[in-house]
Amino acid sequence: MKTKEKQDQCEVFCYDEEKVRRLSPRIESENFTFTGDIFKALSGETRLKIAYALTLETELCVCDVAHIIGTTTATASHHLRHLRNLRIAKSRKEGKLVFYSLDDHHVTELITTAMVHGREEIHSG
């Protein structure tokens, strides 16, 4: 019986030189930092819930977010600030309230697509 590690590896070392030659320069020329930061920020369930709520409403104040995710305004504010610092969300102050919205339609599409995929996986499994 093969161990799980062996099942995840090729049994011989070989590679497609043409694919490697074509793809390596493209991979090396990309900057993955910002994209990696987006995925890191959204990998936490709390921030993902917040971001998803912001796909469902154009904008929410910190108090709204706190109630939606069932946490304190300080915790909600902390997560929203993190999303803002990564340019995933933007904020505006109106009197004593701070409103947040998503800052980029690409992030909105990414979150929406991921949520649809997650629902499909749950129902197909």
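See the structure above.
An account of the accompanying structure is given in this report. The structure displayed is predicted, hence computed values, not measured ones.

## Description of the sheet that holds strand β1 (residues 60–61)
Strands belonging to one sheet form pairs held by backbone hydrogen bonds; the direction of such a pair is parallel or antiparallel. One open sheet holds the three strands; their spatial order is β1-β3-β2, and the pairing between them is antiparallel. The sheet is open, and its two borders are formed by β1 and β2 (89–94), each paired with just one other strand.

## A few points about the side chain of His 79
Structurally, His 79 is set in helix α6 (residues 73–85). Judged by its relative accessible area of 14%, His 79 falls in the buried class. In contact with His 79, other than residues within four places in its own chain, are Thr 46, Arg 47 and Ile 50.

## Observations regarding a nonpolar patch on the surface
Nonpolar side chains collect at one region of the surface, where Phe 13, Tyr 15 and Val 20 lie side by side and expose about 380 Å² of accessible area between them. With respect to the secondary-structure elements, Tyr 15 resides in the loop between α1 (4–7) and α2 (17–29).

## Focus: the pattern of salt bridges
Under the defined criterion, the tally for this structure stands at four salt bridges. The salt bridge partner of Lys 40 is Asp 37, with a shortest N-O separation of 3.8 Å. Of this pair, Lys 40 and Asp 37 both sit in helix α3 (residues 33–43), three residues apart, roughly one helical turn. Judged by relative accessible area, Lys 40 falls into the exposed class, the value being 56%. Relative accessible area serves as the criterion here: at 23%, Asp 37 is assigned to the partly exposed category.

## Concerning the environment of His 106
Mapping His 106 onto the fold places it in helix α7 (residues 105–124). Here the alpha-carbon distance between His 106 and Leu 86, two residues 20 residues apart in the chain, equals 14 Å.

## Notes on the nonpolar core
The biggest cluster of nonpolar side chains holds 22 residues, and the ones touching the most others in it are Ile 50, Leu 54, Val 65, Leu 80, Leu 83 and Ile 88. Of all the elements in the fold, those that place two or more residues in this core are α3, α4 (45–56), α5 (62–69), α6, β3 (97–102) and α7. Once residues lying within four places of it in the same chain are set aside, the contact partners of Val 65 are Ile 50, Leu 60, Ala 76 and Leu 80.

## Notes on the packing of α3 against α4
At a minimum axis distance of 5 Å, the contact between α3 and α4 shows a crossing angle of 100°. On the basis of the axis angle, α3 is roughly perpendicular to α4. Contact with α3, carried on its side by Lys 40, Ala 41, Leu 42 and Ser 43, involves Glu 45, Arg 47, Leu 48 and Ala 51 of α4 and no other residues of that element. Across the contact of α3 with α4, the residue classes tally to four nonpolar, one polar and three charged.

Rules and cut-offs
Residues numbered from 1 in each chain as written. Predicted model: local features only at pLDDT ≥ 70, side-chain atom pairs only at ≥ 80, totals over all residues. Heavy atoms only, no water. Pairing = 2+ DSSP bridges. Helix = DSSP H or I, 4+ residues; strand = E, 2+ residues; numbered from the N terminus. Buried < 20%, exposed > 50% of the residue type's maximum accessible area, 1.4 Å probe, protein only. Contact = heavy atoms within 4.5 Å. Patch = residues over 30% accessible without salt bridge, like charges linked within 9 Å, V, L, I, M, F, W, Y side chains within 5 Å. Areas by Shrake-Rupley, 256 points an atom, 1.4 Å probe, with all protein chains shown as cover. Salt bridge = Lys/Arg side-chain N within 4 Å of Asp/Glu carboxyl O. Core = buried A, V, L, I, M, F, W, Y, C linked by side-chain atoms within 4.5 Å. Axes fitted to C-alpha atoms, helices over the stretch in contact; angles between N-to-C directions. Parallel < 35°, antiparallel > 145°, perpendicular 65-115°, else oblique. Nonpolar A, V, L, I, M, F, W, Y, C, P; charged D, E, K, R; others polar.

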